[in-house]
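Structural characterization, general
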Amino acid sequence: MFGTIIALAVFFAAALVGWAIAEMKGKACEYVQNEEEKAVDARIAQQLHEDGFHELTIKDVMKSISTKGFDAV
């Protein structure tokens, strides 16, 4: 019984330490795009706009999917 409580406490402590490391890593290692990547993103967005791409709203999605299920054949 006492061994189980110790094992549970060790597991909980290890989980907290792992969680803290993951949180700190996300704050310490930030990704910043360079100018070349920003230019590529802008070029791709412009190409999509020229090709007629538009982002769907939830109403557009509801029109194009089946929300009632399928009928058996």
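Computed from a prediction, not measured in an experiment: that's the story for all the values here.

1. Considering the overall build of the chain
Along the backbone of the chain there are 3 helices and 0 strands. The helix and strand sequence of the chain, counted from the amino end, reads α-α-α. By the burial criterion, 0% of the 73 residues in the chain qualify as buried. Looking at the chain as shown, the accessible area adds up to about 7300 Å², and 67% of this sits on carbon and sulfur atoms.

2. Section: the confidence of the model for the chain
Across the chain, the average pLDDT comes to 87, with 89% of residues at 70 or higher. Within the chain, helix α2 (residues 35–50) carries the highest mean pLDDT (94), whereas helix α3 (residues 58–64) carries the lowest (83).

3. Describing the pattern of salt bridges
A complete count under the given rule lists 1 salt bridge for this structure. Its salt-bridge partner being Glu35, residue Lys38 comes within 3.9 Å of it at the nearest N-O pair. Separated by 3 residues within a single helix, Lys38 and Glu35 lie in helix α2, roughly one turn from each other.

4. Notes on helix α1 (residues 2–28)
Here α1 spans 39 Å end to end across 27 residues, near enough to the 39 Å set by a 1.5 Å rise per residue. Little of α1 sits inside the fold, with 0 of its 27 residues counted as buried.

What counts, and where the lines are drawn
- Residues numbered from 1 in each chain as written.
- Predicted model: local features only at pLDDT ≥ 70, side-chain atom pairs only at ≥ 80, totals over all residues.
- Heavy atoms only, no water.
- Helix = DSSP H or I, 4+ residues; strand = E, 2+ residues; numbered from the N terminus.
- Buried < 20%, exposed > 50% of the residue type's maximum accessible area, 1.4 Å probe, protein only.
- Areas by Shrake-Rupley, 256 points an atom, 1.4 Å probe, with all protein chains shown as cover.
- pLDDT = per-residue confidence, 0-100.
- Salt bridge = Lys/Arg side-chain N within 4 Å of Asp/Glu carboxyl O.
- Expected span 1.5 Å × (residues − 1).

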